[in-house]
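Coordinates in review
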Amino acid sequence: MPNAARHSHLRDLDYSVVQQCMHCGLCLPTCPTYDATKIERNSPRGRIALMRAIADGQLEPTVAFGEEMYFCLGCLACQTACPAGVNYAELFEHARAEAEQSGALKSPRRNLIRTFALKWLFMDLGRLRFVSRVIRIYQRIGLQFLLRRSGVLKVLPKRLSELEAMTPVIQAQFSAELIAPVTPAIGAKRFRVAMLTGCAQDPIFSNVNRDTVEVLARNGCEVITLPKQSCCGSLHAHNGEWGLAQELARRNIAQFPPDQFDAIITNAGGCGSHLKHFAKLLADDSEYRERAKVWDKKVKDIHEWLIEIGIESARHTLRSSRRESAPSSLQEKSQSGLTSAATVQESETTVVTYHESCHLCHGQKITAQPRELLRRVPGLKLVELPESSWCCGSAGIYNLIQPQMAGELLQRKIQHIKSTGAQIVATANPGCLLQLINGARNEGLNLRIVHPISLLAEAYRQAAGTPPPTPP
Ligand code: SF4
Ligand code: SF4
């Protein structure tokens, strides 16, 4: 029986959002989960029907409802395909919040993991940095190597050893150690921008943050990067923690008052998609509502911003860079900018292909700008990736909670990458970077997986005769 008294995310949602779907089915061929199962419930149309039934009071959130919402990738391919303009992003966030609020999926283990990750670790990035440093020690003193060689992992539950294998390489230096709080523009200052260094991006890909700041400075931007920042909250919003996402949005606005900057820059597709909708998140907050509207207009993805202001050319051909020692893993190779057989060779054209982060292309509709940026890098030839906007299976923490589906999507992506003959795969989201690095490693592929901005930063350094920075 419907419980009319219970506060409900979906029932309280603007009904014009809930009832917009006209059941045409045009989104179905673009949905990876429907493509895999051909079950209506696993399609955007089926999920929206479930959400509407709850909004209409005809259905209570059940375990099946909650599981369905977490089987959805949140990739938003359906939103791009929909001719009726259904706002699936909003529906999806409220549907997961509904599932959490109802407690349908509660279990002691799940509650513990969610409390640790969402309520503790990602609410204070100092804690995330501390945990990352512990993992770094585990990796660097050889404990990880020993554990993997000893066979101990084989006696652990299969899922635990799979998760251990996915542990990313933690960098020695995080963003605050690589980037000054204020980086002056190189040449005439044209803009003053803020740079968000992200949560997981900071310990895993601080080099991408450093490269982003360097490129911004070379394009006339003074860059402000606070050493202590907050998570943007997309992880929380996408996992049903609406209240925590609101708190993090307020913190971000307070840390980077939007009226003080020409732009607030993010280089992560998933974060950018969320950061541009703070006004909706804080619509009922009289203190932050107006500032959130200004914030939304100022947030820019790095590719979007550079194309908007005009990219300074990297005049000379990108050549091989040299280093003393070789990095030991694919991720380190991707982070370091080190060249190899799989990277840019002197006087040769190197084939690069581009995988689109779902939340950059479907969430923010930014598709041409990253390609344009890659075409501006001397020595690279961009070859289109078949199904470039089809999810790679990373999808936030989807590869952790839905390993089978995520693995199938990764396989599909890797086969397409192989078909291009590319030596470099560029992608602009830390989750996609990690997923593709793992996929390439599992297949034994000698591929460099890299953020587009790092390729441009390398081209600038080489044009200027600046030696490559020490890998973090
Ligand atoms: S967000 Fe992606 S997985 Fe979810 S319904 Fe839409 S297309 Fe399907
Ligand atoms: S979500 Fe859009 S494309 Fe999909 S069935 Fe509804 S109206 Fe059609």
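Residues numbered from 1 in each chain as written. Chains lettered and ligands numbered in written order. Predicted model: local features only at pLDDT ≥ 70, side-chain atom pairs only at ≥ 80, totals over all residues. Heavy atoms only, no water.

Concerning the overall build of the chain
Going by this rule: Secondary structure elements follow DSSP: runs of H or I no shorter than four residues count as helices, runs of E no shorter than two count as strands, and numbering proceeds from the N terminus. Throughout, the radius of gyration refers to the C-alpha atoms, and the reference size of a globule is 2.2 Å times the residue count to the power 0.38. Only protein chains enter the area calculation, which uses a 1.4 Å probe; residues under 20% of their type maximum are buried, those over 50% are exposed, and those in between are partly exposed. Residue contacts are counted whenever heavy atoms from the two residues lie within 4.5 Å of one another. Computed with a 1.4 Å probe, the accessible areas rest on the Shrake-Rupley method; for each residue, only the protein chains presented here act as cover. Residues scored as positive are Lys and Arg, those scored as negative are Asp and Glu, and His as well as the terminal groups of each chain are ignored. Note that the charge is assigned to NZ on lysines, CZ on arginines, CG on aspartates and CD on glutamates.
From N to C terminus, the chain includes 27 helices and 9 strands. In terms of overall size, the chain behaves like a compact globule, its C-alpha atoms giving a radius of gyration of 22 Å where 472 residues would be expected to give roughly 23 Å. With the C-alpha coordinates of the chain rotated into their principal frame, the extents come out at 70 × 55 × 40 Å. In the chain, which comprises 472 residues, the share counted as buried stands at 57%. The long-range fraction of contacts in the chain, counting pairs at least 24 apart against all pairs at least 6 apart in sequence, stands at 78%. When the accessible area of the chain is evaluated, it comes to approximately 19800 Å², of which 56% is carbon and sulfur surface. Here the chain contributes 55 positively and 44 negatively charged side chains, and the mean placements of these two sets differ by 4 Å.

Notes on the site of ligand 2
To be explicit about the condition: Proximity criterion: a residue is near a molecule or strand once any of its heavy atoms comes within 4 Å of it. Cavities and pockets were defined on a 1 Å grid built from protein atoms only: a cavity is a group of points that admits a 1.4 Å probe but offers it no way out, a pocket is an open group of points flanked by protein on both sides within 12 Å along at least five of seven lines, and a lining residue is one with an atom within 4 Å of any such point. A cavity or pocket is said to hold a molecule if more than half of that molecule's atoms lie within 2 Å of its grid points. Amino acids outside the nonpolar list (Ala, Val, Leu, Ile, Met, Phe, Trp, Tyr, Cys, Pro) and the charged list (Asp, Glu, Lys, Arg) are all regarded as polar, and Gly is one of them.
The local shell around ligand 2 holds 13 residues, among which Cys-21, Cys-24, Gly-25, Cys-27 and Cys-82 are the closest. Counting atoms within 2 Å of the grid points, the majority share of ligand 2 lands in the largest cavity. Class assignment of the residues belonging to the shell around ligand 2 gives a composition of 10 nonpolar, 2 polar and 1 charged.

A word on the nonpolar core
For clarity, the cut-off: Residues belong to a common nonpolar core when they are buried Ala, Val, Leu, Ile, Met, Phe, Trp, Tyr or Cys residues joined through side-chain atoms within 4.5 Å.
The biggest cluster of nonpolar side chains holds 56 residues, and the ones touching the most others in it are Val-193, Trp-305, Leu-306 and Leu-455. Val-17, Ile-54, Cys-82 and Phe-92 belong to the second largest nonpolar core, which has 25 residues in total.

Thoughts on the confidence of the model for the chain
The condition is simple: Residue-level confidence of the predictor, termed pLDDT, takes values from 0 up to 100.
Of all residues in the chain, 92% have pLDDT values of 70 or greater, and the mean over the chain is 90. This stretch, residues 317–328, has a pLDDT under 50; its non-local contacts, to residues over four places away or in other chains, come to 32 contacts. Predicted confidence is poor over residues 337–347, with pLDDT under 50, and the contacts of this stretch with residues over four places away or in other chains come to 37 contacts.

Some words on the sheet that holds strand E7 (residues 380–383)
Short version of the rule: For two strands to count as paired, DSSP must find a minimum of two bridges between them. Every axis in this analysis is a line fitted to C-alpha atoms, fitted for helices over the stretch in contact. Angles between the N-to-C directions lie between 0 and 180 degrees.
Spatially, E7-E6-E8-E9 is the arrangement adopted by the 4 strands of the open sheet, whose pairing is parallel. Unpaired on one side and paired on the other, E7 and strand E9 (448–450) mark the two borders of the sheet. Here the average twist between neighbouring strands, direction ignored, is 30°. Pairing analysis gives 3 bridges linking strand E6 (residues 350–354) to strand E8 (residues 424–426), with the strands arranged parallel. Within the sheet, the bridge partner assigned to Tyr-354 lies in E8 and is Ala-426.

Considerations on the side chain of Arg-114
The following threshold applies: Under the rule applied, a polar contact is a pair of N or O atoms within 3.5 Å (in protein, one hydrogen donor and one hydrogen acceptor; residues adjacent in sequence only if both atoms are side-chain atoms).
Mapped onto the fold, Arg-114 is located in helix H7 (residues 108–120). Judged by relative accessible area, Arg-114 falls into the buried class, the value being 11%. Within the local environment of Arg-114, its side chain forms a polar contact with the side chain of Glu-241, the two groups lying 3.0 Å apart. When neighbours within four sequence positions are excluded, Arg-114 is seen to be in contact with Tyr-70, Glu-100, Lys-119, Asn-239, Gly-240 and Glu-241.

Some points on the site of ligand 1
Cys-31, Pro-32, Thr-33, Pro-44, Arg-47, Cys-72, Leu-73, Gly-74, Cys-75, Leu-76, Cys-78 and Tyr-88 make up every residue found near ligand 1. Counting only elements with at least two residues in the shell around ligand 1, the list comes to helix H2 (32–37) and helix H3 (44–55). In terms of residue class, the shell around ligand 1 is made up of 9 nonpolar, 2 polar and 1 charged.

Topic: the environment of Leu-409
Here Leu-409 lies in helix H25 (residues 403–420). Overall, the relative accessible area of 4% leaves Leu-409 in the buried class.

Overview of empty space enclosed by the protein
Rule in force here: Grid points are joined across faces, edges and corners, and a volume is the space filled by probe spheres set on the points.
Within this structure, the stated rule accounts for 5 cavities of 30 Å³ or more. As a volume, the largest cavity reaches approximately 140 Å³. As for the largest cavity, its lining consists of 18 residues, and the residues nearest its centre are Cys-21, Cys-27, Ile-48, Cys-82 and Val-86. Mapped by element, the contributors of at least two residues to the lining of the largest cavity are H3 and helix H5 (77–81). Each pocket or cavity is described by its volume, and for the second largest cavity that value is around 90 Å³. Considering the residues around the second largest cavity, the lining is formed by 15 residues, among which Leu-196, Thr-197, Gly-198, Cys-232 and Cys-271 are closest to the centre. Partitioning the lining of the second largest cavity into residue classes produces 7 nonpolar, 8 polar and no charged.

Brief notes about the sheet that holds strand E2 (residues 191–195)
As summarised here, the arrangement of the 5 strands in space is E1-E3-E2-E4-E5, forming an open sheet in which the pairing is mixed. Every interior strand has two partners, whereas the edge strands, strand E1 (182–183) and strand E5 (299–301), have only one. With 3 bridges connecting them, strand E4 (residues 263–266) and E5 associate as parallel partners. The residue of E5 that forms the bridge with Thr-266 is Asp-301. Against the sheet, helix H14 (residues 206–218) engages E1, E2, strand E3 (221–224) and E4, with an angle of about 145° to E3. The sheet strands contacting helix H19 (residues 289–298) are E4 and E5, and the helix crosses E5 at an angle near 20°.

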